[in-house]
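This is what each chain is made of:
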Amino acid sequence: MPRSYSPKLKFQVVKEILESDKSIAEVARAYDVHPNSVRNWQETFEENGPEIFQKDGTISEYEQKIADLEQLIGKKEVEIALLKKFLGREK
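Residues numbered from 1 in each chain as written. Predicted model: local features only at pLDDT ≥ 70, side-chain atom pairs only at ≥ 80, totals over all residues. Heavy atoms only, no water.

Moving on, we get to the overall build of the chain. Counting secondary structure elements, the chain contains 4 helices and 0 strands. Seen in sequence order, the chain has helices and strands lined up from the N terminus as α-α-α-α. Only carbon and sulfur atoms are counted for the fraction: they give 53% of the accessible area of the chain, which is about 7600 Å². (Helix = DSSP H or I, 4+ residues; strand = E, 2+ residues; numbered from the N terminus. Areas by Shrake-Rupley, 256 points an atom, 1.4 Å probe, with all protein chains shown as cover.)

Structure follows, in structure tokens:
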């Protein structure tokens, strides 16, 4: 049965390859992972970015929530500016 690795470990391994002078074989040996697995993780990372190791789309959900909240803040700032103008408290 193939071993299963966490998204955090995969990201950490790929990050170490990209940031260090170590070869894929050296990093694979240090983490007790087959070099082919590490090579596959690196290729997948380079093709798809950090979201590829997430299975549930959590990153996309948070990005959408942030966009929604930023839009809400913008609306509130406009409302505040209009109310200040209406009350004669413009700066």
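Once you've had a look at it, read on.
Another point: helix α1 (residues 7-19). Note that an α-helix has 3.6 residues per turn; residues three or four places apart therefore point the same way. Its 13 residues place the ends of α1 18 Å apart at the C-alpha level, agreeing with the 18 Å of an ideal helix rising 1.5 Å per residue. Among all positions in α1, only Val13, Val14 and Ile17 are buried. Each buried residue of α1 lies within a common arc of 90° when the element is viewed along its axis, so the set occupies one face. In α1, the exposed positions angled more than 90 degrees off the buried face are occupied by Lys8 and Glu19. Tucked into the core, α1 has its buried residues touching α2 (24-31) and α3 (35-48). (Expected span 1.5 Å × (residues − 1). Buried < 20%, exposed > 50% of the residue type's maximum accessible area, 1.4 Å probe, protein only. Arc of directions from axis to C-beta. Contact = heavy atoms within 4.5 Å.)

Before going further, it helps to examine the nonpolar core. Counting residues in hydrophobic clusters, the biggest one holds 11 residues: Tyr5, Val13, Val14, Ile17, Ile24, Val27, Ala28, Val33, Val38, Trp41 and Phe45. At the level of elements, α1, α2 and α3 are the ones that each hand at least two residues to this core. (Core = buried A, V, L, I, M, F, W, Y, C linked by side-chain atoms within 4.5 Å.)

This paragraph deals with the packing of α1 against α2. The axes of two packed helices give the description: the angle between them and the distance between them. At their nearest, the axes of α1 and α2 sit 10 Å apart, and the two run at 145° to each other. When the axes of α1 and α2 are compared, the crossing they make is right-handed. Taking contact as the criterion, the partners of Leu9, Gln12, Val13, Glu16 and Ile17 in α1 are, on α2, Ile24, Val27 and Tyr31. Of the residues contributing to the contact of α1 with α2, the split by class is 6 nonpolar, 1 polar and 1 charged. (Axes fitted to C-alpha atoms, helices over the stretch in contact; angles between N-to-C directions. Left-handed = near helix turned anticlockwise from the far one by under 90°. Nonpolar A, V, L, I, M, F, W, Y, C, P; charged D, E, K, R; others polar.)

Before going further, it helps to examine the environment of Asn36. Considering the arrangement of structural elements, one finds Asn36 in helix α3. In this structure Asn36 comes out as partly exposed when scored by relative accessible area, which is 43%. With 11 residues separating them in the primary sequence, Asn36 and Ala25 have C-alpha atoms 8.9 Å apart. At a separation of 3.0 Å, a polar atom in the side chain of Asn36 contacts the side chain of Arg39. (Polar contact = N/O pair within 3.5 Å; in protein donor to acceptor, adjacent residues only side chain to side chain.)

The geometry of an aromatic ring pair is captured by two quantities: the separation of the ring centres and the angle between the planes. Counting across every chain of the model gives 2 aromatic pairs. Geometrically, the ring pair formed by Tyr5 and Trp41 is edge-to-face, given 5.2 Å between the ring centres and 70° between the ring planes. A residue pair is termed long-range when its members are at least 10 positions apart, and Tyr5 in the segment before α1 and Trp41 in helix α3 qualify at 36 residues. A residue is classified by how much of its surface remains accessible, and Tyr5, at 18% relative accessible area, is buried. (Phe/Tyr/Trp six-rings, centres within 6.5 Å; stacked < 30°, edge-to-face > 60°.)

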